[in-house]
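Residue-level structure breakdown
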Amino acid sequence: MTKVLIATDKPFAPAAVNAIREVVEGAGYELVLLESYTDKAELIAAVADVDGMIIRSDKATREVIEAAKNLKVIVRAGAGYDNIDLEACTEKGIVAMNTPGQNSNAVAELALGMMVFLARKGYNGQAGVELRGKNIGIHAYGNVGKHVANIAKGFGMTVYAFDPFVAKEAIEADGVKAVDTVEELYSTCHYVSLHIPANDKTKKSINYDLLNLMPEGGILVNTARKEVIDEEGMLKLMEDRKDFAYISDIAPDCKDEFAAKYEGRFFFTPKKMGAQTAEANINAGIAGANQIVNYIEKGDETFRVNK
Ligand code: 3PG
């Protein structure tokens, strides 16, 4: 019998698991669940005989892919697929997919939520500041970036965006000011919200020089990936610019240094929470399950990410 594994170190909401089960069992397949595992060995054992699998930020390394002898399709229920060894998948003839857009509203809501939290000093009773009237820069105008722009407009913020892969006209049609360079985005905006993927070109690209362009009181909001930050440069900036703050859903490796030195100028969620809503889990989970069934039954490769 065709087997589909859900392997989630950070489990989906139970309603999402039920919804995935309906799709998978409805196709006549068996669903296997591995949640909250603590050891890579558990994942390696679980993949041994599955035909399809759904993961989140779980690391589908070469070792995992090679242990999955029957695997035909792996779906990352979410946007970023930097956690999958695409080369290993391609070598083994495995199709890798993501589910773009399915969890993006949840991530965008968290970005704005964290901004309010910091602006109101963690609700500590002291006077904070408002978001209204501030400039926000959307660094990469994809699914999440668009939602952030929309919500930010509701707060009365002025929204700018930089994305070399999206036509300026398309950005401006949304009532967002498109800028020509990344430098212009950072030098114009009090807040910059990151929505770039982590890849060879973007890793450590958010560096001292770029961040230092931000105006007085600049705040970087990261719901993307920690790898895109040059942490050495970030720490130097925190030291040189006492007005600068950093908010992230993916705590940096140097988080202890922030805790020791920069109280009130940072906020990090304890575990990546952006996509952790029932709605996002259900949307991304059902999409992932349907993509697996459609690939196995009909060879449908929509949303394939390894070419
Ligand atoms: C994504 O790339 O979709 C988000 O970062 C969400 O990741 P998660 O599923 O691990 O919460």
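Residue positions are given per chain, counting from 1 as you read along its sequence in written order. This being a predicted model, a pLDDT of at least 70 is required before a residue's local features are given, and a value of 80 or more before pairs of side-chain atoms are given or counted; all residues contribute to the totals for chains, interfaces and linings. To obtain the side-chain values, all non-hydrogen atoms of the structure were included, while hydrogens and water were left out.

Going by what an unreviewed UniProt entry lists, the protein is known as 3-phosphoglycerate dehydrogenase and is assigned to Ancylomarina salipaludis. UniProt positions are given in the numbering used here, feature names are shortened, and annotations may be inferred rather than shown by experiment. Recorded under Sequence similarities (unreviewed entry), the UniProt text for the protein is reproduced unchanged: "Belongs to the D-isomer specific 2-hydroxyacid dehydrogenase family."

1. Topic: the nonpolar core
Within this scheme, the nonpolar core is defined by two criteria: the residues are buried Ala, Val, Leu, Ile, Met, Phe, Trp, Tyr or Cys, and they are joined through side-chain atoms within 4.5 Å. When accessible area is computed with a 1.4 Å probe and restricted to protein chains, residues below 20% of their type maximum are described as buried, those above 50% as exposed, and intermediate ones as partly exposed. Counting 31 residues, the largest nonpolar core has Tyr186, Ile206 and Leu220 as its most contacted members. Elements are defined by DSSP. Helices are runs of H or I of four residues or more, strands are runs of E of two residues or more, and each kind is numbered from the N terminus. Of all the secondary-structure elements, those providing two or more residues to this core are β7 (158–162), α8 (182–188), β9 (191–194), α9 (208–211) and α10 (231–240). It is α10 that contributes the most residues to this core, 4 residues altogether. Throughout, a contact is declared for two residues whenever any of their heavy atoms are within 4.5 Å. Look past the residues within four positions of Ile206 in its chain and what remains in contact with it is His139, Tyr186, Leu194, Ile196, Leu211, Leu220, Val228, Ile229 and Asp230. Counting 28 residues, the second largest nonpolar core, distinct from the first, contains Ala111, Ile138, Val221 and Ala275.

2. Here's the deal with helix α2 (residues 40–47)
An α-helical turn contains 3.6 residues, so any two residues separated by three or four positions project in the same direction. Within the sequence span of α2, burial applies to Leu43, Ala46 and Val47. All buried residues of α2 fall inside an arc of 95° around its axis, so they share one side. Tucked into the core, α2 has its buried residues touching β1 (3–8), β2 (30–35), β3 (52–55) and α3 (62–67). Two or three places before Ala41, at the opening of α2, Asp39 has a side-chain oxygen 3.0 Å from that residue's backbone nitrogen. Note that the arc is computed from the directions linking the helix axis to the C-beta atoms. Polar contact is defined as a pair of N or O atoms within 3.5 Å, subject to the rule that within protein one atom must be able to donate a hydrogen and the other to accept it, and that residues adjacent in sequence are counted only when both atoms are side-chain atoms.

3. Let's talk about the pattern of salt bridges
The term salt bridge refers to a side-chain nitrogen of Lys or Arg lying within 4 Å of a carboxyl oxygen of Asp or Glu. Within the structure shown, the criterion is met by 15 salt bridges. Glu66 serves as the salt-bridge partner of Arg62, at 3.1 Å between the closest nitrogen and oxygen. With Arg62 and Glu66 both in helix α3 and 4 residues apart, this pair spans about one turn of that helix. Accessibility expressed as a relative area gives 37% for Glu66, which makes it partly exposed. Linked through salt bridges whose partners overlap, the residues forming this network are Glu239, Lys242, Glu257 and Lys261.

4. What to know about the UniProt feature "domain: D-isomer specific 2-hydroxyacid dehydrogenase catalytic" (unreviewed entry) in the protein
Here the UniProt-annotated "domain: D-isomer specific 2-hydroxyacid dehydrogenase catalytic" (unreviewed entry) positions come out as residues 12–306. Structurally, residues 12–306 is divided into 39% helix and 15% strand, and its ends, taken at the C-alpha atoms, are 25 Å apart.

5. Side note on the UniProt feature "domain: D-isomer specific 2-hydroxyacid dehydrogenase NAD-binding" (unreviewed entry) in the protein
With numbering aligned to this structure, UniProt lists the feature "domain: D-isomer specific 2-hydroxyacid dehydrogenase NAD-binding" (unreviewed entry) at residues 124–250. Note that residues 124–250 is 30% helix and 19% strand, and that its end C-alpha atoms are spaced 23 Å apart.

6. Notes on the site of the ligand
The full set of residues close to the ligand is Lys10, Arg56, Ser57, Arg76, Gly78, Ala79, Gly80, Asn103, Arg225, Lys272 and Ala275. At 2.8 Å, a side-chain N or O of Arg225 approaches an oxygen atom of the ligand. Isolated, the ligand exposes 320 Å² of accessible area, and the fraction of that covered by the protein chains is 95%. When residues are grouped by polarity, Ala, Val, Leu, Ile, Met, Phe, Trp, Tyr, Cys and Pro land in nonpolar, Asp, Glu, Lys and Arg in charged, and all others, Gly among them, in polar. In terms of residue class, the shell around the ligand is built from 2 nonpolar, 4 polar and 5 charged. Any residue with a heavy atom lying within 4 Å of a molecule or strand is counted as near it. What sets the accessible areas is the Shrake-Rupley method with a 1.4 Å probe; for residues, cover comes only from the shown protein chains.

7. Considering the packing of helix α5 (residues 104–119) against helix α6 (residues 143–154)
Each pair of packed helices gets described by two things: the angle between the helix axes and the distance between those axes. Only the stretch in contact is used when fitting a helix axis, every axis being a line fitted to C-alpha atoms; angles between N-to-C directions are given from 0 to 180 degrees. In contact at an axis separation of 8 Å, α5 and α6 are set at 50° when each is read in the N-to-C sense. Between α5 and α6, the angle falls in the class oblique. Where α5 crosses over α6, the handedness of that crossing is right-handed. Where α5 abuts α6, its residues Ser104, Asn105, Val107, Ala108, Glu109, Ala111 and Leu112 lie against Asn143, Val144, His147, Val148, Ile151 and Ala152. Taken together, the residues of the contact of α5 with α6 break down into 8 nonpolar, 4 polar and 1 charged. The scheme is simple: roughly parallel for angles under 35 degrees, roughly antiparallel for over 145, roughly perpendicular for 65 to 115, oblique for anything else. Left-handed describes a crossing in which the near helix is turned anticlockwise from the far one by less than a right angle; the clockwise case is right-handed.

8. Focus: the pairing of β2
Strand pairing follows a simple DSSP-based rule, namely that at least 2 bridges must link the two strands. Both β1 and β2 contribute to a ladder of 6 bridges, which runs parallel. In the strand pairing of β2, Ala7 is matched with Leu34. Here, the term right-handed applies to a crossover whose path from the first strand over the helix to the second runs clockwise when the strands point away from the viewer. Remark: the β1/helix α1 (residues 14–26)/β2 crossover connection has right-handed handedness.

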